[in-house]
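Coordinates in review
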Amino acid sequence: MLWGGICYGQPQPLRFDLSKIGLVVDGRQMCEDKGRLQDYPSKVMNEIIAARPKAIPVLTDMVTDTRVAKTNEPIICYWPEMTIGDLAFCTLNDLFTDSSGSKTTMPGAGWNEILGPANDRPAWQQLHDYVRKNGRKSLQIKWQKLWSRYKGQFFWDAKERCFKLRASS
């Protein structure tokens with residue numbers, strides 16, 4: 001009986017298989033060419049959204065993961081060989097981007113704010129150049145600092161499908 005309490009009484013840590021996060025149509029993963037990851041049908045994204053703010057530290061921890069996401073199609077079109085860390089970073093960015101796809105909902109969390117100017121590079125190259133120069137740990141630390149500063153001030157906006165800062169009183 002003691003064994004049953006130990007096995008069944010412990011909550012399971014959150015885990016997300018980001019290699020399955022992309023657009024899924026008729027059970028097949030397809031690449032998405034624009035928009036935020038949460039705007040496309042995906043069981044994994046539904047799990048992330050259901051976890052609400054608890055998902056953010058899990059995704060932040062995954063930013064340093066260098067394993068290549070093994071998929072038949074790129075999750076984001078035209079993005080060669082995405083790592084789990086790339087997907088975690090993209091997911092974090094998307095979760096804090098409004099429905100227009102152009103405005104961040106967390107000060108300092110914008111793509112160019114974190115990575116620096118794109119200088120006409122595609123997003124994947126901008127991220128990979130940053131990682132080559134500064135390392136994945138640097139990205140993780142930036143997200144940890146942002147989340148530490150703002151974490152209690154966010155709510156999930158179901159209409160916009162993103163995290164938003166609560167209005168100041």
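The structure this text deals with has already been given above.
What comes next concerns the included structure. All values derive from a computational prediction rather than experimental measurement.

Between the first and last C-alpha of helix α7 (residues 136–150) there are 21 Å, a value that for 15 residues agrees with the 21 Å anticipated at 1.5 Å per step. Inspection of α7 places R136, L139, Q140, W143, L146, W147 and Y150 among the buried residues, and these make up the whole buried set. What you see down the axis of α7 is that its buried residues fit within an arc of 130 degrees, all on one side. Along α7, the residues that are exposed and aim more than 90 degrees away from the buried face are K145, S148 and R149.

Counting 44 residues, the largest nonpolar core has F16, L18, I48, L95, F96, M106 and L139 as its most contacted members. Those elements that provide at least two residues to this core are α2 (43–51), α3 (55–62), α4 (84–95), α5 (111–115), α6 (123–134), α7 and β3 (154–157). Here the element with the most residues in this core is α4; it accounts for seven residues. With residues near it in sequence (within four places) discarded, L18 still touches V44, I48, L59, M62, I75, I84, L87 and A88.

On to the packing of aromatic side chains. On inspection of all chains with the given rule, the structure shows nine aromatic pairs. Consider the rings of F96 and W143, whose centres lie 5.6 Å apart with planes at 45 degrees: the pair is tilted. Placement of the pair is F96 in the loop between α4 and α5 and W143 in helix α7, with a sequence separation of 47 residues. Given the relative accessible area of 1%, F96 is considered buried. An aromatic cluster of three or more residues is present, and its members are F96, W143, W147, Y150, F154, W156 and F163.

Bridge analysis of β3 against strand β4 (residues 162–165) gives four bridges, and the strand direction is antiparallel. In the strand pairing of β4, F154 is matched with L165. Two successive antiparallel strands, β3 and β4, enclose a turn made up of four residues, where R161 displays a positive phi of approximately 55 degrees.

Glancing now at the environment of I48. Summarising the element assignment, I48 is placed in helix α2. Taking C-alpha positions, I48 is 20 Å from P74, a pair spaced 26 residues apart along the chain. For I48, the residues in contact, after removing those within four places along its chain, are F16, L18, I21, A55, L59, T91 and L95.

Contact geometry for α6 and α7: axes closest at 7 Å, N-to-C directions at 105 degrees. With respect to α7, the element α6 is oriented roughly perpendicular. The residues of α7 that touch α6, namely those facing L127, Y130, V131 and N134, are R136, S138, L139 and K142. Split by residue class, the contact of α6 with α7 holds four nonpolar, two polar and two charged.

Thresholds applied
Residues numbered from 1 in each chain as written. Predicted model: local features only at pLDDT ≥ 70, side-chain atom pairs only at ≥ 80, totals over all residues. Heavy atoms only, no water. Helix = DSSP H or I, 4+ residues; strand = E, 2+ residues; numbered from the N terminus. Expected span 1.5 Å × (residues − 1). Buried < 20%, exposed > 50% of the residue type's maximum accessible area, 1.4 Å probe, protein only. Arc of directions from axis to C-beta. Core = buried A, V, L, I, M, F, W, Y, C linked by side-chain atoms within 4.5 Å. Contact = heavy atoms within 4.5 Å. Phe/Tyr/Trp six-rings, centres within 6.5 Å; stacked < 30°, edge-to-face > 60°. Pairing = 2+ DSSP bridges. Axes fitted to C-alpha atoms, helices over the stretch in contact; angles between N-to-C directions. Parallel < 35°, antiparallel > 145°, perpendicular 65-115°, else oblique. Nonpolar A, V, L, I, M, F, W, Y, C, P; charged D, E, K, R; others polar.

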